[in-house]
Amino acid sequence: MKIAKSADLDAVKESGQKLLFPPGVRITVGAAMCGMARGSGQLLQVINDEVKNQGLDANVAVVGCNGQCYAEPIVEVINGKDKYTYGNVKGSDIPGLVKAAKDGKAAEGIELLDTDAFNKNQQKIVSKNAGIIAPGNIEEYIANDGYFALAKALTEMKPADVLDEVMKSGLQGRGGAGFSAGIKWETCSKAPGDKKYIVCNGSEGNPEIGMHKSFLESDPHSVIEGMILAGYAIGANEGYVYINYRYMLGFKRISDALEQVKEAGLLGDNILGSGFSFDIKLKRGAGTYVNGEATALLSSLEGSLGEPRLKPPRMAEKGLFDKPTVVNNLETLANVPFIIQKGAEVFSKIGSESSKGTKIIAFSGNVARPCWVEVPFGMTIQEIVDTWGKGAKEGKKIKAYQIGGPSGGILPGKALDLRLDFESLTGAGSLLGSGGLVIMDEDTDMLDMAKFFADFSAEESCGKCTTCREGTLRLQEILSDIIGGNGTEEHIDLIKRMTAGMAVNAVCEFGKTAAEPILSVIKYFPDEIVGKVE
Amino acid sequence: MSDIQWSPEGEELFKKLIDALPEQMRNLAKPQLVDFLKMKSGGEPVSCEMITGMVDELPEPQKGMLAQALASIGDADDGFDGSIVEKIIESHPKGQETLVAVLHDIQARFGYIPEGAVKVLSQKTGVLASTLYQLLTSYQAFRVEPPKKNILTVCNGTGCHLEGGGGLLTKIKEKAAKEGADITLETVRCLGMCNISPALLVNGIPYSGADAEAQLKKL
């Protein structure tokens, strides 16, 4: 299937729609990693067998995850206008499920999920395809308006127009820093040099979230389209996607997707006859949290140790192989097709005054319902917890939570009324970070959590700068002493003085904020740490 | 094993290899491997080289499983074949930027990064062995020691820790030490499977901490 001009896209959309909404039945099985972890891989075989046995004319598709992780394995039956989403499906449920699909009604004895209610207060910009389309099938991506943004940009807009649109949209980086994507792109596009790069940061080294994994497994094409658009805007003809080494399935799915895109002619030379050529290379990381730091990521891409670099010079001027480079988080790039397709104005109407658009929030920890959602900025954390996470397990109170990853420290339960946006969270001394919302219930030992993060930062410190390398080790030792009952007031004083030094002297944000979780515990739960010392 | 011929060393190696496979895979793998060797040997006695050479010819997941098993019985290093590493290096574009990808492939083939491989890599690329060891020891993905029969990967993420991950890790360590279990225990930052917290992988297969108890009993 070759897509040489925009009209070809329309034809593929039409045929793709017949896959998504076939005349007969469509059965989808959620098979991202966590679905597989709960048995969806085996279910697929059972479904295929049963469909054959019962002589049902069905299009059985493997899809990614729709966010309802607590109910995996999820099987959806679409029959014309009817849609039945079944959760916690077992192999023994399948015969009944297939029979009911044949009869055009809901199966009995299998949990029916109200996905419409789950999606109701979300705003699905980057996640609109997840759990719905088969990630391996470019036709289904196109059927849901995929690559139309690319066609619009390449055939109707100049690079400067694309850049302008992203600037006007107010899109901020979704990796945590929240820097304006538009300004970053503009700096790079204006930087002198014949060769430029766009790099997608899919390293996701945070210890509390797996959304890059989910996206790569559920909708890899959205990442590809975002990258090509970014390349066009800044004048780069080469892009790299840097992927966490553990995401083997995600790597495979985006690898397969790339082959399909190349075959279709939407990646390569002279895309859609526009004269613009672009190529994407996939790179696996090899671990370490610091590799997620953009300058360290570039070092790792170049084949060296993943150590951060001092700035200036900024990467937009001197980055990968010393060429002007834009490094964008995977989620940031996945927003770009929507912005180009629907326009900056539509995008900027979503969200809050200071933060435009949406954020993926993924629950973990003592939450009652592990799941992920895409919500507009401006909602309060409490609303998000009540609507989707459903509080902590067994009705326990929420003692504390974390949203910005380790660098964001820990916030107390009473701060759940904070609004989800960049300003509110940094104003409260935290930060937005990855969007991994970790729920800590009333039985959480906060000193243990402080030690957990001290261990984390000591292990992850790359060792380049003395302040971080030595500081994180000392923090680890001090906390061991406190836990062992040998803590003194001097220890607390030392923690405060050292972290003040780290905040100023460390080379990268990791070192600067390594002690945040410990400081949070001292601030909000003093009894559990200060109260334990002489 | 009636119509397959074995050289005495080959038969011994094969027995050790089968024992080194994780129990849940053994029954399925053994006949597959015997069939493969039967075809490969073409009536000749099966040699050790034919057995170790299987790793290059089998597809995933058998490839990785075999590499791990061979590494755990220490036979990946016996008569270390540098030409395998050279082939891997040649299959990637030249340049320092492909080092990490090359190392991943070496680990996939051998189950870890053998010292011999580092030597060949250093010779072929001009990168100092000490620099390579810098990379190997700082990146969490790479093993410099051969893995044992079973690899347990426990999620050490924040969410899993809150759901008992710390306790799970301690329990596994204690059990392994007490029973001398043949396991390599690794921790990772986040498996991204919060719906089975505390999560762990047993030879690549995900389990929840609760189920894992039953799995561990078998190891």
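Description of the structure in this document.

Helices and strands together make up the secondary structure of chain B, namely 10 helices and 4 strands. Going residue by residue from the N terminus, the α and β elements of chain B occur as α-α-α-α-α-α-α-α-β-α-β-β-β-α. Computed over C-alpha atoms, the radius of gyration of chain B comes to 19 Å, within 12% of the 17 Å expected from 2.2 N^0.38 for 219 residues, which places it in the range of a compact globule. On the principal axes, the C-alpha backbone points of chain B span a range of 55 × 50 × 30 Å. Looking at the 219 residues of chain B, the share that counts as buried comes to 52%.

Before going further, it helps to spend a moment on the overall build of chain A. In terms of regular secondary structure, chain A is built from 24 helices and 14 strands. If one aligns the C-alpha atoms of chain A with their principal axes, the spans along those axes are about 75 × 60 × 40 Å. The buried share of chain A, reckoned over its 534 residues, is 61%. If you take every contact in chain A between residues at least 6 apart in sequence, the share linking residues at least 24 apart comes to 72%. By element, 50% of the accessible surface of chain A is carried by carbon and sulfur atoms, the whole surface being about 19,700 Å². Taken together, the 58 basic and 69 acidic charged side chains of chain A have centroids lying 3 Å from each other.

Below, the discussion takes up the pattern of salt bridges. Counted under the stated rule, the structure contains 34 salt bridges over all chains. In this structure, the salt-bridge partner of A:Arg309 is A:Glu302, at a minimum N-O distance of 3.0 Å. With a relative accessible area of 18%, A:Glu302 lands in the buried category. Among the salt bridges present, the one from B:Glu57 reaches B:Lys40, with a minimum N-O distance of 3.2 Å. Residue B:Glu57 is located in helix H3 (residues 48-57), and its partner B:Lys40 is located in helix H2 (residues 23-41); the two are separated by 17 residues in the primary sequence. Looking at B:Glu57, the relative accessible area reads 44%, which means it is partly exposed. We classify B:Lys40 as partly exposed; its relative accessible area is 37%. Salt bridges sharing common partners tie together A:Glu394, A:Lys396, A:Asp441 and A:Asp443.

Here we take up the packing of aromatic side chains. Residue and element names in this part refer to chain A. In total, this model carries 15 aromatic pairs over all chains according to the counting rule given. Between the aromatic rings of Tyr232 and Phe276, the centroid separation amounts to 5.1 Å while the plane-to-plane angle is 70°, which identifies the pairing as edge-to-face. Of the two residues, Tyr232 sits in helix H11 (residues 220-234) while Phe276 sits in the loop between helix H12 (248-264) and strand E8 (279-284), which places them 44 residues apart along the sequence. Residue Tyr232 is classed as buried on the basis of its relative accessible area, which comes to 10%. With a relative accessible area of 9%, Phe276 lands in the buried category. In textbook terms, an aromatic cluster arises when at least three aromatic residues are bridged by ring pairs, as seen for Tyr197, Tyr240 and Phe321. Between the NZ or CZ atom of Lys13 and the centre of the ring of Phe148, over which it lies, the distance is 5.3 Å.

What follows deals with the side chain of B:Asn203. Residues and elements named next belong to chain B. Mapped onto the secondary structure, Asn203 falls in the loop between strand E3 (199-202) and strand E4 (205-208). Looking at Asn203, its side chain comes within polar contact range of the side chain of Asn150, at 2.9 Å. Not counting residues up to four positions away in its chain, the partners in contact with Asn203 are Pro22, Gln24, Met25, Gln68, Lys149, Asn150 and Ile151.

Below, the discussion takes up the sheet that holds strand E11 (residues 372-376) of chain A. All names here are of chain A. One open sheet holds the 5 strands; their spatial order is E11-E10-E14-E12-E13, and the pairing between them is mixed. In this open sheet, the two edge strands, each paired with only one partner strand, are E11 and strand E13 (411-412). In this sheet, E11 lies alongside strand E10 (residues 358-365) in antiparallel orientation, the contact comprising 5 bridges. Among the inter-strand pairings, Ile361 is bridged to a residue of E11, identified as Val373.

Turning our attention to helix H9 (residues 158-179) of chain B. Residue and element names in this part refer to chain B. Between the first and last C-alpha of H9 there are 29 Å, a value that for 22 residues agrees with the 32 Å anticipated at 1.5 Å per step. Along its length, H9 reaches its greatest deviation from straightness, about 75°, at Gly164. Those residues of H9 that fall on the buried side of the exposure criterion are Thr158, Gly159, Cys160, His161, Leu162, Glu163, Gly165, Leu168, Leu169, Ile172 and Ala176. Gly180 sits one or two positions beyond H9 and adopts a positive phi of about 55°.

So, about helix H1 (residues 8-20) of chain B. Residue and element names in this part refer to chain B. Over its 13 residues, H1 runs 19 Å from end to end, which matches the ideal 18 Å to within 8%, given 1.5 Å per residue. Where H1 is concerned, the buried positions are Gly10, Leu13, Phe14, Leu17, Ile18 and Ala20. Buried residues in H1, looked at end-on, bunch into an arc of 155°, giving them a common side. Summarising the geometry of H1, the exposed residues directed more than 90 degrees from the buried face are Pro8, Glu12 and Lys15. Residues of H1 that are buried make contact with H2, H3 and helix H4 (62-72).

This brings us to unusual backbone geometry. All names here are of chain A. Backbone torsion omega between Glu72 and Pro73 reads 0°, so that peptide bond is classified as cis. By the secondary structure assignment, Pro73 is in the loop between strand E2 (58-63) and strand E3 (75-79). Following Lys311, the chain continues into Pro312 via a peptide bond in cis, with omega recorded as 5°. Looking at the secondary structure, you find Pro312 in the loop between helix H13 (294-301) and strand E9 (325-329).

Residues and elements named next belong to chain A. Close contact between H11 and H12 brings their axes to 9 Å; oriented N to C, the two are set at 55°. The angle between the axes of H11 and H12 places the two elements in the oblique class. The crossing of H11 and H12 is right-handed. Counting all contacts with H11, which are made through Pro220, His221, Val223 and Ile224, the residues of H12 involved are Arg253, Ile254, Ala257, Leu258, Gln260 and Val261. A per-class count over the contact of H11 with H12 returns 7 nonpolar, 2 polar and 1 charged.

Among the nonpolar cores identified, the biggest contains 76 residues, and A:Tyr147 and A:Trp185 are the most heavily contacted of them. Ranked by the residues each element gives to this core, the list is headed by H11(A), at 9 residues. Among all residues touching A:Trp185, those that are not within four sequence positions of it are A:Leu163, A:Val166, A:Ala230, A:Ala233, A:Ile234, A:Val326, A:Asn328, A:Leu333 and A:Val336. In this structure, A:Ala37, B:Ile89, B:Met193 and B:Leu201 belong to the second largest nonpolar core, which totals 35 residues.

With that out of the way, let us pick up the interface of chain B and chain A. Counting residues at the interface gives 30 residues for chain B and 50 residues for chain A. Taken together, the two surfaces of chain B and chain A that pack against each other cover about 3,300 Å², and 56% of this comes from carbon and sulfur. Considering only the surface of chain B that becomes buried against chain A, B:Glu97, B:Arg189 and B:Asn195 emerge as the three largest contributors, covering 22% of it. The tally of links from chain B across to chain A stands at 4 salt bridges. Linking B:Glu97 and A:Lys283 is a salt bridge whose minimum nitrogen-to-oxygen distance equals 3.5 Å. Our enumeration of links across chain B and chain A arrives at 22 residue pairs in polar contact (both at pLDDT 80 or more). Contributions of two or more residues to the side of chain B that touches chain A are made by helix H6 (99-110), helix H8 (129-138) and H9 of chain B. In terms of residue count, the dominant contributor to the side of chain B that touches chain A is H9(B) (5 residues).

What counts and how
- Residues numbered from 1 in each chain as written.
- Chains lettered and ligands numbered in written order.
- Predicted model: local features only at pLDDT ≥ 70, side-chain atom pairs only at ≥ 80, totals over all residues.
- Heavy atoms only, no water.
- Helix = DSSP H or I, 4+ residues; strand = E, 2+ residues; numbered from the N terminus.
- Rg over C-alpha atoms; globule rule 2.2 N^0.38 Å.
- Buried < 20%, exposed > 50% of the residue type's maximum accessible area, 1.4 Å probe, protein only.
- Contact = heavy atoms within 4.5 Å.
- Areas by Shrake-Rupley, 256 points an atom, 1.4 Å probe, with all protein chains shown as cover.
- Lys, Arg positive; Asp, Glu negative; His and termini not counted.
- Charge placed at Lys NZ, Arg CZ, Asp CG, Glu CD.
- Salt bridge = Lys/Arg side-chain N within 4 Å of Asp/Glu carboxyl O.
- Phe/Tyr/Trp six-rings, centres within 6.5 Å; stacked < 30°, edge-to-face > 60°.
- Lys NZ or Arg CZ within 6 Å of the ring centre and 35° of its normal.
- Polar contact = N/O pair within 3.5 Å; in protein donor to acceptor, adjacent residues only side chain to side chain.
- Pairing = 2+ DSSP bridges.
- Expected span 1.5 Å × (residues − 1).
- Bend = angle between axes of the 7 residues up to and from the residue.
- Arc of directions from axis to C-beta.
- Axes fitted to C-alpha atoms, helices over the stretch in contact; angles between N-to-C directions.
- Parallel < 35°, antiparallel > 145°, perpendicular 65-115°, else oblique.
- Left-handed = near helix turned anticlockwise from the far one by under 90°.
- Nonpolar A, V, L, I, M, F, W, Y, C, P; charged D, E, K, R; others polar.
- Core = buried A, V, L, I, M, F, W, Y, C linked by side-chain atoms within 4.5 Å.
- Buried area = accessible area lost by both parts, 1.4 Å probe.

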